[in-house]
Amino acid sequence: MTHRMTDYHSPEARAAVALPPGLDEVRVRFAPSPTGSLHIGGARLVMYNVLFAHGQAKRAGKKGAFILRIEDTDQKRFVEGSAQGLMDGLTWLGLGWDEGPDLGGPYAPYVQSERQHHYREAAEQLLASGHAYRCFCTPERLQGVRDDQVKRNLPPGYDRHCRDLSVEQVQAKLDAGETFVVRITFPLEGETRFIDLLRGEIVFRNDKIEDLVLLKSDGYPTYHLAVVVDDHEMDITHVTRGPEWIPTAPIHVQLYKALGYEMPIFAHMPLILSPSGGKLSKRDGSAALADFRERGYLPEALLNYLALLGWSLDGKTEFFTMDDLLEHFTIERVSAAPSTFDRDKLDWLNQQWINHHITVDDLAARVLPFLIEAGTIDDGPRDATHPRFQEVLVASSLLKDRIRHLTEAPDLMSYFLRDELEPYEAAMLVPKKVEPEAALAMLVAVRDALPGIDLTSHDATEARLRGLAGELGVKAGQLFMPIRVAVTGRTQSPGLFDTLAAIGQDRVRDRLDHAIALLSSEAPA
RNA sequence: GGCGCAUUCGUCUAGCGGCCCAGGACACCGCCCUCUCAAGGCGGAGAUCAGGGGUUCGAAUCCCCUAUGCGCUACCA
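Residues numbered from 1 in each chain as written. Chains lettered and ligands numbered in written order. Predicted model: local features only at pLDDT ≥ 70, side-chain atom pairs only at ≥ 80, totals over all residues. Heavy atoms only, no water.

1. Topic: the pattern of salt bridges
Part 1: A full pass over the atoms with the stated rule returns 33 salt bridges.
Part 2: Arg115 is the salt-bridge partner of Glu233, the closest N and O atoms lying 3.1 Å from each other. Residue Glu233 is located in helix H7 (residues 223-233), and its partner Arg115 is located in the loop between helix H3 (82-93) and helix H4 (116-129); the two are separated by 118 residues in the primary sequence.
Part 3: One salt-bridge network, held together by shared partners, links Arg29, Arg69, Glu71, Arg115, Asp230, Asp231 and Glu233. (Salt bridge = Lys/Arg side-chain N within 4 Å of Asp/Glu carboxyl O. Helix = DSSP H or I, 4+ residues; strand = E, 2+ residues; numbered from the N terminus.)

2. Things to note about the protein's contact with RNA strand B
Part 1: In the vicinity of RNA strand B lie 73 residues, with Trp245, Asp401, Arg402, Arg484 and Ser493 positioned nearest.
Part 2: Of all RNA strand B atoms lying within 4 Å of any protein atom, the proportion belonging to sugar or phosphate reaches 72%.
Part 3: At a separation of 3.0 Å, a sugar or linking oxygen of RNA strand B approaches a polar side-chain atom of Lys316.
Part 4: Within the backbone of Thr491, an N or O atom sits 3.1 Å from a sugar or linking oxygen of RNA strand B.
Part 5: Those elements that place two or more of their residues in the surface near RNA strand B are helix H5 (139-151), strand E4 (181-184), strand E6 (200-205), strand E11 (339-340), helix H12 (343-357), helix H19 (476-488) and helix H20 (496-503).
Part 6: Here the element with the most residues in the surface near RNA strand B is H12; it accounts for 7 residues.
Part 7: Class assignment for the residues of the surface near RNA strand B results in 27 nonpolar, 23 polar and 23 charged. (Near = heavy atom within 4 Å. Polar contact = N/O pair within 3.5 Å; in protein donor to acceptor, adjacent residues only side chain to side chain. Nonpolar A, V, L, I, M, F, W, Y, C, P; charged D, E, K, R; others polar.)

3. With respect to the packing of H4 against helix H8 (residues 249-259)
Part 1: Where H4 contacts H8, the two axes come as close as 10 Å, and the packing angle between them is 80 degrees. Taken together, the axes of H4 and H8 are roughly perpendicular relative to one another. Taken together, the residues of H8 that come into contact with H4 (itself represented by Ala122, Gln125 and Leu126) are Leu255, Ala258 and Leu259. (Axes fitted to C-alpha atoms, helices over the stretch in contact; angles between N-to-C directions. Parallel < 35°, antiparallel > 145°, perpendicular 65-115°, else oblique. Contact = heavy atoms within 4.5 Å.)

4. What about the side chain of Lys400?
Part 1: In this fold, Lys400 is placed in the loop between helix H14 (389-399) and helix H15 (409-412).
Part 2: One buried charged residue, Lys400, forms no salt bridge at all, with the nearest opposite charge on Asp401 at 5.8 Å.
Part 3: The residues contacting Lys400, other than those within four sequence positions of it, are Ile354, Asn355, His356, Ile358, Thr359, Val360 and Leu363. (Buried < 20%, exposed > 50% of the residue type's maximum accessible area, 1.4 Å probe, protein only. Lys, Arg positive; Asp, Glu negative; His and termini not counted.)

5. Here's the deal with the packing of H4 against H7
Part 1: Following both chains from N to C, one finds H4 and H7 inclined at 105 degrees, their axes separated by 10 Å at the closest point. With respect to each other, H4 and H7 are oriented roughly perpendicular. Residue-level contacts link His118, Tyr119, Ala122, Ala123 and Leu126 of H4 to Leu225, Ala226, Val229, Asp230 and Glu233 of H7.
Part 2: Taken together, the residues that form the contact of H4 with H7 break down as 7 nonpolar, 1 polar and 2 charged.

6. A look at the pairing of strand E5 (residues 191-196)
Part 1: Side-chain alternation along E5 places Thr192, Phe194 and Asp196 on a buried face and Glu191, Arg193 and Ile195 on a face that remains uncovered.
Part 2: Where E5 lies against E6, 6 bridges are found, and the strand directions are antiparallel. The residue of E6 that forms the bridge with Ile195 is Glu201.
Part 3: Between E5 and E6, which pair antiparallel and follow one another directly, the connecting turn spans 3 residues. (Pairing = 2+ DSSP bridges.)

7. Focus on the nonpolar core
Part 1: Core analysis: the biggest nonpolar cluster contains 59 residues, and Met413 and Leu465 have the highest contact counts within it.
Part 2: Excluding its chain neighbours within four sequence positions, the residues that come into contact with Met413 are Val367, Leu371, Ala395, Ser396, Leu399 and Ile403.
Part 3: Core analysis: the next-biggest nonpolar cluster, separate from the first, contains 56 residues, Leu23, Phe30, Phe66 and Ile272 among them. (Core = buried A, V, L, I, M, F, W, Y, C linked by side-chain atoms within 4.5 Å.)

In C-alpha cells form, the structure reads like this:
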C-alpha cells in the first residue's frame, strides 16, 4: 500500500517518527533566554523534554539526555539573575538536567554568549557558499521600506536590497567602514518542507519567506543562526519548542542544509492559552512558575496538571507522579492543539494531592514555611526540628482534607497555633432557631462540665457532650455549634472533638469564658 | 494584508472507519453521609464531534472547501 502522508496519523507511525529505529540516543534541550521569569508554558516544555529523554527514550532502550542552554544573544533584554531564577524554578519542580551552564558537560559552554566564534564561523561558511550575504541597510531605511509597504497595503518585509550587491560593492562598503548584518540567501522558488512530530508534514512556499538576519551588526547571532548551530554542535536530535517557531522553521531547515548538518526531528509543542483567549500572560493572574510556588501549589500537583494539559494517557487517568509519567509518557500523544489554562482544575488537583497523596508529616513540613512567613509561629528551623512542629503536625492532620493551597494554612490553623482568637461576632455563637439566652446557657453548661471531661479522649468527649445536649433538651448540633464558634472563632472547623483535644483544656476554658462574656454583654438576660 | 497552525461538552480530554445518537475529569446542580466545613459516595444537566461537500455498505475518525480562533510577520527570542 502506498505510504500517504495520512498514514502519519496512526500511533505507530508517529511513534516511529519520534524514535527512529536507527537512533540510539535522544538529546533534547530547553534553551530559554534570560529575559525574565520562567513561564508556566516553559515549565511544561521542560517536563515534556525530561519525560521524553529520561522516560520514553530509556524505555525504548535508548540513551536520553536533557540539556539546559541559555540563549543570551540579546544583550538589550538581558535580565540579571533570570537564569538562576529559572534553574531554581525547575529544581523546585524536581526537573533536572544532564548538562547545563552550572553542571557543564561534554558540549560546554552552555551559554550562547560564550560561543560566539561558532556562530561567526558558520556565518563565514554561509557567506562563502553564497547561502548568506551582507546587508548594509540602515535601520532607518528598513523602517522606511516597511512603512511604505504598509501604506501601500503590501506585506511588510525586507526588500532584498543588498542581496545582489557585487563583490566590489560589498568591498567598497566594507572599506568605507559601513556596518552590516548577515542575512540568509533564502531560495526564491520552490518549497521548504519538514516533518513536525505532532502535525505531520508542513510545507512552505519559499517565495513567502524573507531573508532574515542571521548575524546582527553587533556580531551576535540571532536566534535562527544560534539555535541551528548550537543544536547541531550539541547533537540535539529533537528540536522541541513553542509553536511560534513554525513560521521560521523553513529558515532553520535551509540553514541545516546549507551548513551540511544532519536534520533533527522537529516537534513544535502546543501553546497554553489564557481563559480569556490568547497567550497566557501575567494579566491572567500568574503565568510565572515562581508565582505558583508562592501561591501554595505543590510541585507535584503542578506537574500533574501540566502533564494533563495537552497530553493524556487514556483520557481517564488523572493522577500521575513524576515516576508514573516517566513510565507512561509518549511525546507523540501530545496534542498539537493549544489548550486553555484551567485554574479550577489545577486547584482541584492541588487539593487532591494534599488530601490524598502526601502524608501528614509531609504536609506539616510544607506548611511550616508559610506559617513562619505569615507570623503564625515564630521563626525557626523550617523542618521537623522546629519547636512547634508537633502542634503543626496535629493541626495538619485535622485540616488535611480542607486545605486547597498551602497559603491557607496560616488562616486555617490560627486557632490551633495562636493563643488569641481573632475577633468574631457574638451572633455567630447563636445557632439558627436558638435564642441567645439558650446559647448562653449551653456555653455555661459546657464550661461547668469541662473540668470533668477528658478532652484527649475523642469518645469520652463525644459521649459527655451528647449527653449534655440531652440534658439541655437540645439537638447535638445545636450545642456543638456554639462550642465550635467559642473555641475557634468560626463556624467551620474540623470535627469538634478532635478540635477540642488539639486546642487543649486550658485554652478551651479561656475561650468559653470569653464567649460567655461576649454573649452576656451582647444579650443581657 | 501575507503565511502557518488548530478546531469533540464552558474547560482539559478519550476516540485512529463499525464497540460512539460520543467515554472520563474540572466546574455546575441534586441526593446520601454528617456536629459545621471539607473529603467521600451516588445521580443529573451539558458536545447534532465548527459548517458544507465528498470517499465508503458505514465517518468524530480519510479527502476538499469555507468559517472561526490563535500564532508569526524585528538587527527579540
